[in-house]
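Structure at a glance
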Amino acid sequence: MVKNEKGYLLEAFSRDFCPSFLVKIMKLLGDKEVAFAFFKYVVQDYSENTVKSCCISAHFLAAGDLRLLAQDMLSWIIRRIGKCRSDEVVEFMWREQYKYECDFSVLDSLMRAFLTAEMVSSALEIMCKMRENGLRPSSSAISILFKLLLRIGDYGSVWKLFRDMLHKGPRPTNNLFNVMILGYCRKGRLQTGESLFHLMTKFGCEPDVFTYNILINAYCIRGWTSYALNWVHMMVEHGCIPSISTFSTVINALCKEGNVVEARKLFDGMQEVGVFPSTVTYNALMDGYVKAREIFQANMLYEEMKKKGVAPDAITFNILVAGHYKYGREEDGDRLLWDLTVAGPFPDYLFSDVSIAGLCLTGRLNEAVALLDNLLEKGIPVSVIAFNCIIAAYSKEGLEEKAFEVYNIMVQFGQTPSASTCASLLMDLSMTGRLQEARDLMAKMIAMSFPINITACTVLLDGYFKKGDVMGARTLWEEMEIMGIAPDAVAFSALIHGLVKAGSVEDGYDAFFQMIRNGLVPNNFVYNSLITGFCKNGNMNEAQKLERDMRERGLLPDVFTINTIINGFCKQGRMKLAIDSFVEMQRSGLQPDIVTYNTLINGFCKAFDNVCQWMGTDITTYNIRLHGFCSTRRINRAVMMLDELVSAGVVPNTVTYNTMMTSACNDILDRAMILAAKLLKMAFIPNTVTANLLLSHLWKQGLPQRALIWGQKLSEIGFEFDEITYKILDKASHYIQENTDYCTETTEKSLFLDFLMYITYDYIRRSRVYSDNNDSSFELVEDRPCGSFKLVNKATVYPI
């Protein structure tokens, strides 16, 4: 009827149907899913009579050994009528249950129906009703109840229910403990998960491979791979054989850390204990090699995979093709695609996935979309991977409308969006500032039971902070807890950084402690965010406390950390503490950068400004302040100070001239010429340092030949070179020998440097002539008449 568009004939049936007749039709359909789909199609009215008839139908189904179908039917009705009317279903089912099935069967079906509808409080009420009637709930139903309570974070009810089980049954099982351990680990409560692990043996349960894998995975997610390996060793010691999943999880974590060497050792070691890698394991290690840019090793692993008969999948080819296009040769990527077409037999969807992914990676997006359309028209299956590749490519290009078009096609063709799909779309909307649309999309995906992972939430959270909507970010964080999405280290980093940047340093600090309580390890980014916030607020004690905490946790403060603390002290004028931090920085092996020195220079300049208000200034003070301005390229301020110096009657010295001359060589031409003119007007006095800095600038600015020419001229007038001069001239000579095609073009800047060099040369030459003519030194001269020697002033000796 439906296929032939005669569904209208079912309208009368849906308004007033006979429960037994409905059950007969559902049984005749033979397939559970088809029968349930038929039920949902015909039952469109949710009046009291219809609900009652549905309850009777559920009784019939349960009595006919179709309890699962009965539970699905009840769950569907409960979802549609809502919490406020759900009591009607309980009343109808309980009132006449004795005619069809036993007490336990009815209450168990109702409990499971409420659990499927995620109405936890109603499920708890049904369980209480079972207890009142002396019935014991099934272990599987209680496990589902625990799962839901943990997901919503109702820990009080979890422990209350656990105590109730211990007193009244059913006895806890391995499966129940695994559910609880997994629930707490997902919420970041790793210590509670471990405590439950150690509690298992007291209740006659023995941790199995699933128990260990849950904890190992939890440690790997948090980046504690060494602890995860300890659990693997403990697992083996207790006689529990690790599974492929155990090794794949740890290998994947090691590769993500960039520790491919250890990952390979573990990969080889697992085979020695009789556990052989699967496609997932090979993919994890292969991805690690590719990210480490070891394409050759990835290829060798692929060949080994084929030789051992492990079938590659779409992910295998995507990893390799992406690696060749990014870090290797495109022709190797094309060869892999060709291998896929000829090596077969591979499923059609595998070829289509890899082909589409390859086109997206090479930027041939239009061809990828055309191929997708062609495949869909021909009815060739395409998996979620192919759709995700195109959606991610469109999102990366900022073509959000196109991305959503592909998303809609994906849903239309029956593909369930993955966490990667959601993350790509939410990232796209968040980066373009369309946060409300992103929230609407997330709500829609949740309503449709599409997977929403922590990555998608973190992207949206970061989007709120970037837009300055702190309230929106806080609300999203609370909703994440309600949805049972446990924040990871990246999510906490985004929250803390966003709060600190918005000025809520204390709130960021609270989030920091919550992160630690959840068993997550803060990284340098988190610490640097908080240290920056405290330094801005002037709370240097807390900033230093955090720096010490970093070291205690095994994290080495980086240059940014120390620069921030130095800047904080400089702003407060506490220069001794700033210098102490600078010294400690070098002791710990960190190299100061330009920011470090500029921060200290600015700090000292401000300190000198304050000191100069109550004490006199001499040329040394001025020189330090001038150096500070020049090193931070505040030339205008330096020139003003130079005028101030002259007005104050302070005589510039050679240090003053050379400091300003260095600025003139580094500055733009116009300002440099003005500054040079001012120095000449002030009777500029060059010396060896001046000559060296000009020779150095000639070489550095691509004029090594000019540097050598001026060096020759200076030597001809008897100018005494120092060690620095010789090094400069030696570098210029080597540069000419190694770079025969260096530029010899004359520029305005080179003429300016030549001009300054000529002034320096001329001053030194004239000073040398004057010095020679007025040399008052003495020498030993033979006194011929006496035959002895005497001291004679060289200036009075005349040639005969």
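Residues numbered from 1 in each chain as written. Predicted model: local features only at pLDDT ≥ 70, side-chain atom pairs only at ≥ 80, totals over all residues. Heavy atoms only, no water.

You'll find the protein entered in an unreviewed UniProt entry as Pentatricopeptide repeat-containing protein, with Anisodus tanguticus given as the organism. Checking UniProt for the protein, the heading Sequence similarities (unreviewed entry) contains the comment "Belongs to the PPR family. P subfamily." (UniProt positions renumbered as here; feature names shortened; annotations may be inferred.)

**Examining the overall build of the protein**
Regarding its fold elements, the protein presents 43 helices and 2 strands. Expressed as a percentage of its 800 residues, the buried residues of the protein come to 48%. In the protein, of all internal contacts separated by at least 6 residues, the share reaching a separation of at least 24 is 61%. Here the protein has roughly 41400 Å² of accessible surface; of this, 54% comes from carbon and sulfur atoms. (Helix = DSSP H or I, 4+ residues; strand = E, 2+ residues; numbered from the N terminus. Buried < 20%, exposed > 50% of the residue type's maximum accessible area, 1.4 Å probe, protein only. Contact = heavy atoms within 4.5 Å. Areas by Shrake-Rupley, 256 points an atom, 1.4 Å probe, with all protein chains shown as cover.)

**Observations regarding the nonpolar core**
Residues F39, V89, F146 and I251 are the most contacted members of the largest nonpolar core, which totals 106 residues. In contact with V89, other than residues within four places in its own chain, are V51, C55, L74, I77, I78, I81 and L110. One finds A386, F387, V505 and V526 within the second-largest nonpolar core, a separate group that totals 75 residues. (Core = buried A, V, L, I, M, F, W, Y, C linked by side-chain atoms within 4.5 Å.)

**Quick look at the environment of Y407**
Looking at the element boundaries, Y407 is found in helix α24 (residues 400-412). By relative accessible area, which is 4% here, Y407 ends up buried.

**Notes on the side chain of T596**
For T596, the location among the structural elements is in helix α35 (residues 594-611). By relative accessible area, T596 is classed as buried at 0%. Within the structure, T596 has its side chain in polar contact with the side chain of D593 (distance 2.8 Å). Excluding its chain neighbours within four sequence positions, the residues that come into contact with T596 are V559, N563, I566, F582 and M585. (Polar contact = N/O pair within 3.5 Å; in protein donor to acceptor, adjacent residues only side chain to side chain.)

**Thoughts on the packing of aromatic side chains**
Throughout the structure, instances matching the rule amount to 21 aromatic pairs. Chaining the aromatic ring pairs together yields one cluster made of Y155, W159, F162, F177, Y184 and F203. It is R80 that lies over the ring of W76; its NZ or CZ is 3.6 Å from the centre. Over the face of the ring belonging to Y155 we find R189, whose NZ or CZ atom lies 4.1 Å from the ring centre. (Phe/Tyr/Trp six-rings, centres within 6.5 Å; stacked < 30°, edge-to-face > 60°. Lys NZ or Arg CZ within 6 Å of the ring centre and 35° of its normal.)

**Quick look at the pattern of salt bridges**
Using the criterion set out here, one finds 19 salt bridges in the structure. In this structure, E304 engages K308 in a salt bridge whose closest nitrogen and oxygen atoms are separated by 3.7 Å. Judged by its relative accessible area of 19%, E304 falls in the buried class. (Salt bridge = Lys/Arg side-chain N within 4 Å of Asp/Glu carboxyl O.)

**Focus on the packing of helix α7 (residues 103-116) against helix α9 (residues 139-152)**
It is at 10 Å that the axes of α7 and α9 come closest, and there the two elements cross at 25 degrees. Comparing their axes, α9 and α7 come out roughly parallel. In this structure, α7 meets α9 at a crossing whose hand is left-handed. Only S140, A141, I142, I144, L145 and L148 of α9 make contact with α7, whose side of the interface consists of D108, M111, R112 and L115. In terms of residue class, the contact of α7 with α9 is built from 7 nonpolar, 1 polar and 2 charged. (Axes fitted to C-alpha atoms, helices over the stretch in contact; angles between N-to-C directions. Parallel < 35°, antiparallel > 145°, perpendicular 65-115°, else oblique. Left-handed = near helix turned anticlockwise from the far one by under 90°. Nonpolar A, V, L, I, M, F, W, Y, C, P; charged D, E, K, R; others polar.)

**Observations regarding the environment of V559**
Checked against the element boundaries, V559 lands in helix α33 (residues 559-571). The sequence separation of V559 and D593 amounts to 34 residues, and the corresponding C-alpha distance is 7.8 Å. Discounting chain neighbours no more than four positions away, the residues touching V559 are M585, L590, Q591, D593 and T596.

**Some remarks on helix α23 (residues 384-396)**
In this model, α23 (13 residues) spans 18 Å end to end at C-alpha, consistent with the 18 Å of a helix rising 1.5 Å per residue. Restricting attention to buried positions, one finds in α23 the residues A386, F387, N388, I390, I391, A393, Y394 and S395. (Expected span 1.5 Å × (residues − 1).)

**Overview of helix α22 (residues 365-377)**
Between its terminal C-alpha atoms α22 stretches 18 Å, which fits the 18 Å expected from 13 residues at 1.5 Å a residue. Listed in full, the buried residues belonging to α22 are L365, A368, V369, L372, L375 and L376. Buried residues in α22, looked at end-on, bunch into an arc of 125 degrees, giving them a common side. Away from the buried face of α22 by more than 90 degrees, exposed residues N366 and E377 are located. (Arc of directions from axis to C-beta.)

**Focus on unusual backbone geometry**
The omega torsion of the bond from G169 to P170 falls at -5 degrees, within 30 degrees of zero and hence cis. By the secondary structure assignment, P170 is in the loop between α10 (155-168) and α11 (174-186). One non-glycine residue with positive phi stands out, namely D65, at about 60 degrees. Note on placement: D65 falls in the loop between α4 (48-63) and α5 (67-81). For D65, a relative accessible area of 71% corresponds to the exposed category. One non-glycine residue, E118, lies in the positive phi region at around 60 degrees. With respect to the helices, strands and loops of the structure, E118 is situated in the loop between α7 and α8 (120-132).

**Remarks on the packing of helix α31 (residues 524-536) against helix α32 (residues 540-552)**
Two elements in contact, α31 and α32, have axes separated by 8 Å at closest approach and are oriented at 165 degrees. In this view, α31 runs roughly antiparallel relative to α32, as classed from their interaxial angle. Note on packing geometry: the crossing formed by α31 with α32 is left-handed. Residues N524, Y527, L530, I531, F534 and C535 of α31 form the contact with α32, whose participating residues are M540, E542, A543, L546, E547, D549 and M550.

**Overview of the confidence of the model for the protein**
For the protein, mean pLDDT is 78; residues scoring 70 or higher make up 79% of the total. With pLDDT under 50 throughout, residues 611-616 is counted as low confidence; its partners more than four residues away or in other chains account for 3 contacts. When the criterion is pLDDT under 50, residues 775-782 qualifies, and its contacts beyond four places in sequence or with other chains add up to 23 contacts. (pLDDT = per-residue confidence, 0-100.)

**Here's the deal with the environment of S226**
By secondary structure assignment, the location of S226 is in helix α14 (residues 225-237). Classification of S226 as partly exposed rests on a relative accessible area of 48%. In this structure the C-alpha to C-alpha distance between S226 and L254, which are 28 residues apart in sequence, comes to 9.3 Å.

**Focus on the side chain of N299**
Checked against the element boundaries, N299 lands in helix α18 (residues 295-307). Taking the relative accessible area as the measure of exposure, N299 reaches 19% and is therefore buried. Filtering out sequence-adjacent residues up to four positions away, N299 remains in contact with L320 and H324.

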